[in-house]
Amino acid sequence: MTSILLVAERDEQGEISQSTLQAVTAASGLDGASITAVVAGDAPVSASSLAVEKVVTISPIGSSDAGIYEQVTADLAALVSSTNPDVVMFSKSDFGSVVGARLAFRIDAAFASDCIEIENSDGVVSVTRPVYGGSALAEFEIASSPAIVTLRAGAFEPSTDAGSPATESFESGTSVEQRASVSETVAESREGVRLEDADFVVSGGRGLGGPEPFSVLTDLANVLGGAVGASRAACDAGWIDHSHQVGLTGKSVSPDVYIAVGISGASQHMAGCSSSRAIVAINKDGDSNIFKEARFGVIGDWEKVLPSFLATVRDLRA
Amino acid sequence: MVTSDFFYAAIGRDYITGNSELTVRIVVLAKQVPDPETPPSQFKIDESTNTVVPPNGVPPVVNGFDLNAVEGALQLRDAGADVEITVLSVGSDFVMDAMKKPLAMGADRLVLVDDEGLDKIDSAATVKVLAAAIEKDGPFDLILGGRQASDWDQGHVTLGLSEVMGLPLVSLVQKLELDGDSVSLQRVIPDGYQIVSAPVPSVLTITNELGEPRYPNLRGIMQASRKKPEIFSLEDLGLSLDDLAPKLELKRLYVPESNRQIELIEGDDEADSGKKLALRLREEKLI
């Protein structure tokens, strides 16, 4: 038997997140899987039909600790030491990245982040993870237990299986002193559809040469009912806010169509958009990496290509 | 856990006196990595040794995210704080032209743990070495690291260090200000940021949202060229490679094959290509 502690997360409605459903699929694929899901706070309605054996609740994450995660790390460390799972599984979210790493180093366990494959045999867990910004893949073996992993968003299909897990609560009995603490959360205003949810993403990169062209990209995104993305280079240059950044260190998107304008297609960028249904590239450098990743492309100057593309799209959708 | 009180004593300062004359000692963790701007056509792996073949004529660089952390430390100085910035790296075969870049940007000291085999250890072992070096070279008031390294992309060395040293941690910091004996921080979240207060000493990871690292000026480059790195061996830190066995065993490193076939749209001119692209996408029912 392989016992898996799956650390669940919530979506904006407080229900079990899509990324957690993906983790259920990954966990179910392990040999002899027996899955316990753990969730901070009261179990949401959707937890009662999760395809796992058991749902354990721990203390909710306090608002001053959200992002620091001192108490939840302590609670999970206590839960892991009392249940001795073979694998502890997180999504590679903000939460999973921080808590997974903290937990691993706190209990001196092996940690592999951003895994796209996981399997096990004879007590050894094998994972595959992209490295060098996605230019290469690395396969690792973890012989020590527990193996703590985070999973890349979109690497597994969300589980559609239904279960009827028993729910129990776990009290770690430790109350952690809050050292670093969050006093306020500032939400940045967003117009239109959320980048991560958009069916169409129009992204601009270094090749745009400045901030002004993003208004054309915004026009195109509006006509398509989509959102505007950007490469890290464009964000770091200050042409557009970092909340638009797509890539390894930005957002992961998987729209129907990802239109990359003036983006060279470095593997770090592709890591955030490679699960799009179709990538469309407009770039004047025909040797750009983006043309190796795209399904459709035009080699040309975006200043000449984009206006006619936009006009035609507008006519087609009128 | 046994180490945390001990390390706290080694790292911490007596802030109760509130002595404003005190220099704030900052250590920035930095890693030498293959240049991530290496063209994909030149990125090659030797599958017999599971290592990246150094591309011809493309020297290694300091991990770009670590330069964000250097920039963060320098911004504290710009804001008027009396700071001493030490850059700390663990590895072997250091290329000084690359490693001196933080000094040229304005950092004060470069400390290298330079020993054979240190380029092959995993991140858990790296954390051990860093903790030992910080203990030896400390105390420090702030420990800054980049959000991840552009080679292995794990992003957990700095996080792990906070655990091993028993220090508070704030990740993904895009803005930092010294505020008496604490630091005021902005922490990036997916659709905005959080305002966070952390005590000193703390461990912070700095993200690229902080802004582009400054370019070294000529004076900085001259000063850096005269500075010599201070070098520790593993033995200096009371460690040996036997203490640094990997938790993760690398079995295979390879470049995945891309089997995508692109369809290039060519019109009479570029404007016509744009029009034909839209029509082709409609034909495929994509728009």
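It should be noted that the structure appears before, not after, this text.
Residues numbered from 1 in each chain as written. Chains lettered and ligands numbered in written order. Predicted model: local features only at pLDDT ≥ 70, side-chain atom pairs only at ≥ 80, totals over all residues. Heavy atoms only, no water.

Observations regarding the overall build of chain A
Logical step 1: A tally of helices and strands in chain A yields eight helices and 16 strands.
Logical step 2: Taking 20 Å as the expected radius of gyration for a compact globule of 318 residues, we find that chain A reaches 22 Å, a close match to that expectation.
Logical step 3: Counting over 318 residues, chain A shows a buried share of 55%.
Logical step 4: Pairs at least 24 residues apart make up 61% of the contacts formed inside chain A by residues separated by at least 6 positions.
Logical step 5: Counting 20 positive and 41 negative side-chain charges, chain A places the averaged centre of each group 7 Å from the other. (Helix = DSSP H or I, 4+ residues; strand = E, 2+ residues; numbered from the N terminus. Rg over C-alpha atoms; globule rule 2.2 N^0.38 Å. Buried < 20%, exposed > 50% of the residue type's maximum accessible area, 1.4 Å probe, protein only. Contact = heavy atoms within 4.5 Å. Lys, Arg positive; Asp, Glu negative; His and termini not counted. Charge placed at Lys NZ, Arg CZ, Asp CG, Glu CD.)

Describing a nonpolar patch on the surface
Residue and element names in this part refer to chain B.
Logical step 1: Together, Leu218, Ile221 and Met222 make up an exposed nonpolar region whose accessible area comes to about 310 Å².
Logical step 2: By secondary structure assignment, the location of Leu218 is in helix α7 (residues 218-226).
Logical step 3: Taking relative accessible area as the criterion, Leu218 reaches 64% and is therefore assigned exposed. (Patch = residues over 30% accessible without salt bridge, like charges linked within 9 Å, V, L, I, M, F, W, Y side chains within 5 Å. Areas by Shrake-Rupley, 256 points an atom, 1.4 Å probe, with all protein chains shown as cover. Salt bridge = Lys/Arg side-chain N within 4 Å of Asp/Glu carboxyl O.)

Thoughts on the side chain of Ser203 of chain A
Residues and elements named next belong to chain A.
Logical step 1: The residue Ser203 is located in strand β12 (residues 200-204) in this model.
Logical step 2: Only 3.3 Å separates the side chain of Ser203 from the backbone nitrogen of Ala230, close enough to count as a polar contact.
Logical step 3: Within the local environment of Ser203, its side chain forms a polar contact with the side chain of Tyr258, the two groups lying 2.7 Å apart.
Logical step 4: When sequence neighbours within four positions are dropped, the list of residues in contact with Ser203 reads Leu217, Gly229, Ala230, Val246, Tyr258, Ile259, Ala260, Val261 and Ile263. (Polar contact = N/O pair within 3.5 Å; in protein donor to acceptor, adjacent residues only side chain to side chain.)

Some words on the nonpolar core
Logical step 1: By size, the foremost hydrophobic cluster in this structure holds 56 residues, and its most contacted members are Leu76 of chain A together with Val129 of chain B.
Logical step 2: A per-element tally of this core places helix α5 (residues 123-137) of chain B first, with nine residues.
Logical step 3: Of all hydrophobic cores here, the second largest spans 40 residues; its members include Ala8, Ile142, Val149 and Leu151 of chain A. (Core = buried A, V, L, I, M, F, W, Y, C linked by side-chain atoms within 4.5 Å.)

Some points on the pairing of strand β9 (residues 147-151) of chain A
All names here are of chain A.
Logical step 1: Summarising burial for β9: five of the five residues are buried, a large majority.
Logical step 2: Across the two faces of β9 the burial is the same, with Ala147, Val149 and Leu151 and Ile148 and Thr150 all buried.
Logical step 3: One ladder, built from four bridges, connects strand β5 (residues 110-115) with β9; its direction is parallel. Bridge pairing in β9 links Ala112 to Val149. (Pairing = 2+ DSSP bridges.)

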